[in-house]
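For reference, the chains in residue letters:
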Amino acid sequence: MKWENNRESDQIEDRRDSPGGFGGGPRLGGGRGIGLGTIVVALVAGWIFGINPLTILGALEGGGLPAPAPVEAPAARTGTPGDDMGRFVAAVLGGTEDAWDGIFRAAGAQYQKPRLVLFRGATPTACGTGQAAMGPFYCPGDQKVYIDLSFYDTLRRQLGAPGDFAQAYVIAHEVGHHVQNLMGITDQMERQRARLSQREYNALSVRLELQADCFAGIWAHHNHQSGNVIEPGDVEEALNAAAAIGDDALQRQSQGHVVPDSFTHGTSEQRQRWFRTGLDTGDVRACDTFKTARL
């Protein structure tokens, strides 16, 4: 991936030097969501890309964009990091900003950039305490993407999905959740929670996650058109990552069998296909996973 071709975003909040990731800030959200988080980790899904489990347990309330909860952030540097991995993340985020800014402008709207937080171990968020074991996640409450870069070691060594484009896909997927938040899609989904059984809500969650995969493909489409960033083998890296974190693949790895009713992110085949849909079309309308009959 020719990530050096991208503009580096200045919307990075680097908390990696804060002791324990918390600095002087309080630990918010304590044990909220630990039950679901534990289940996710048990299925190796702490490494799945997706919304923070704490968010699903009620961080979203009311209509429209959620108001950020008061959070005393730990000491952090803002702007573009100086280390190579930090610069890589900033370049990928810059590519998502440019892609989605153009898409929103074409639709007569203004794209609101998310901030991306780099941390180690654990850190406070508006959705509760974020932990590295959750994997990368997006918090609608403060409109920030959180990532402990050690996840990339997990992606490469334990999930068998190496490569810089696979790493970029992780970030683009989480930014896809931010786009869903701006569009009001996430809030509409959460409004359905009280009316649905767990099985029905899981099925809705799959549609949300597959749409974020499709949005990641849209990022790749537009980023390559504007910056010629995709090199031979890059798309295969992203598709390999999508396959590695499919619910069916993770369940086979962790428990030896598959329970479709418990899927929350989609199968390997579905995740690959929806990423490819976004990549091939570059069209948000092609990513309507909520109305399609075939996921």
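Below you will find a few notes about this structure. (Residues numbered from 1 in each chain as written. Predicted model: local features only at pLDDT ≥ 70, side-chain atom pairs only at ≥ 80, totals over all residues. Heavy atoms only, no water.)

Okay, the overall build of the protein chain next. Looking only at helices and strands, the protein chain features 10 helices and seven strands. Here the protein chain holds 295 residues, and the buried ones make up 55% of them. Within the protein chain, residue pairs in contact and separated by at least 24 positions form 79% of the contacts whose partners lie at least 6 positions apart. (Helix = DSSP H or I, 4+ residues; strand = E, 2+ residues; numbered from the N terminus. Buried < 20%, exposed > 50% of the residue type's maximum accessible area, 1.4 Å probe, protein only. Contact = heavy atoms within 4.5 Å.)

Enumeration over the complete set of coordinates arrives at eight aromatic pairs. For the ring pair Phe-137 and Tyr-146, a centre distance of 5.1 Å and an interplane angle of 15° mean the geometry is stacked. With relative accessibility at 1%, the residue Phe-137 sits in the buried group. Every member of this aromatic cluster is reached through a ring pair, and the members are Trp-100, Phe-104, Tyr-111 and Phe-215. Just above the ring of Tyr-201 sits the side chain of Arg-193; from NZ or CZ to the centre is 4.4 Å. (Phe/Tyr/Trp six-rings, centres within 6.5 Å; stacked < 30°, edge-to-face > 60°. Lys NZ or Arg CZ within 6 Å of the ring centre and 35° of its normal.)

Here the focus is the state of the cysteines. The tally for this structure, following the rule as stated, stands at two disulfides. Note on cysteine connectivity: Cys-127 is disulfide-linked to Cys-139, with sulfurs 2.0 Å apart. Given an S-S torsion of about 95°, the disulfide between Cys-127 and Cys-139 has right-handed geometry. Taken together, the residues span a long stretch of sequence, with Cys-127 in the loop between β4 (122-125) and β5 (128-131) and Cys-139 in strand β6 (residues 137-139) at a distance of 12 residues. The class for Cys-127 is buried, based on a relative accessible area of 5%. Judged by relative accessible area, Cys-139 falls into the buried class, the value being 0%. At a sulfur-sulfur separation of 2.0 Å, the disulfide partner of Cys-214 is Cys-287. Taking the sign of the S-S torsion, about -70° here, the bridge from Cys-214 to Cys-287 comes out left-handed. Of this pair, Cys-214 sits in helix α7 (residues 198-227) while Cys-287 is found in the segment after α10 (268-281), placing the two residues 73 residues apart along the sequence. Cys-287 shares its class with Cys-214; the two are buried. The connectivity of the disulfide-linked cysteines in the protein chain, indexed sequentially, is 1-2, 3-4. (Disulfide = S-S within 2.5 Å.)

This brings us to the packing of helix α5 (residues 164-183) against helix α8 (residues 234-244). Each pair of packed helices can be described by the angle between their axes along with the distance between the axes. Put simply, α5 and α8 touch, their axes get as near as 7 Å, and they point 55° apart. Considering the angle they form, α5 stands oblique to α8. The interaxial crossing formed by α5 with α8 has right-handed handedness. Across the interface between the two elements, Asp-164, Phe-165, Ala-166 and Tyr-169 from α5 touch Asp-234, Val-235, Glu-237, Ala-238, Ala-241 and Ala-242 from α8. (Axes fitted to C-alpha atoms, helices over the stretch in contact; angles between N-to-C directions. Parallel < 35°, antiparallel > 145°, perpendicular 65-115°, else oblique. Left-handed = near helix turned anticlockwise from the far one by under 90°.)

This part is about the pairing of β5. Where β4 meets β5, four bridges bridge the pair, whose relative direction is antiparallel. Each residue of the ladder has a partner; that of Ala-122, found in β5, is Gln-131. Counted along the chain from β4 to the antiparallel partner β5, the turn is two residues long. (Pairing = 2+ DSSP bridges.)

Glancing now at the sheet that holds strand β2 (residues 77-78). Across the sheet, five strands lie side by side as β2-β1-β3-β7-β6; this open sheet has mixed pairing. The sheet is open, and its two borders are formed by β2 and β6, each paired with just one other strand. Looking at chain direction, strand β3 (residues 115-118) and strand β7 (residues 144-147) are connected through four bridges and run parallel. Counterpart to Leu-118 in the pairing with β7 is Ile-147. Strand contacts of helix α3 (residues 84-106): β1 (12-14) and β3, with the helix running at about 160° to β3, the strand carrying the most contacts. Contacts between α5 and the sheet are confined to β3, β6 and β7, with β6 contributing the most and set at about 25° to the helix.

Turning next to the side chain of Asn-202. Tracing the chain through its elements places Asn-202 in helix α7. Residues in contact with Asn-202, not counting those within four places in the same chain, are Asp-261, Ser-262, Phe-263 and Thr-264.

Along the chain, Thr-80 turns up in the loop between β2 and α3. Sequence separation between Thr-80 and Ser-9 is 71 residues; the distance between their C-alpha atoms is 6.5 Å. Residues contacting Thr-80, with those up to four places away along its chain left out, are Glu-8, Ser-9, Asp-10 and Ala-90.

Moving on, we come to unusual backbone geometry. Peptide bonds are, in most cases, trans, and in most cases residues other than glycine have a negative phi. Located in the positive-phi region is Gln-143, a residue other than glycine, with phi close to 55°. Topologically, Gln-143 is positioned in the loop between β6 and β7. Look at Gln-143 and you get buried, because its relative accessible area is 16%.

Among the structural elements, Gly-266 can be located in the loop between α9 (247-255) and α10. Once the C-alpha coordinates of Gly-266 and Asp-247 are considered, the two residues, 19 residues apart in sequence, prove to be 5.7 Å apart. If near-sequence neighbours (up to four positions away) are discounted, Gly-266 is found in contact with Val-206, Leu-210, Gly-246, Asp-247 and Arg-271.

That is the geometry; function is a separate question.
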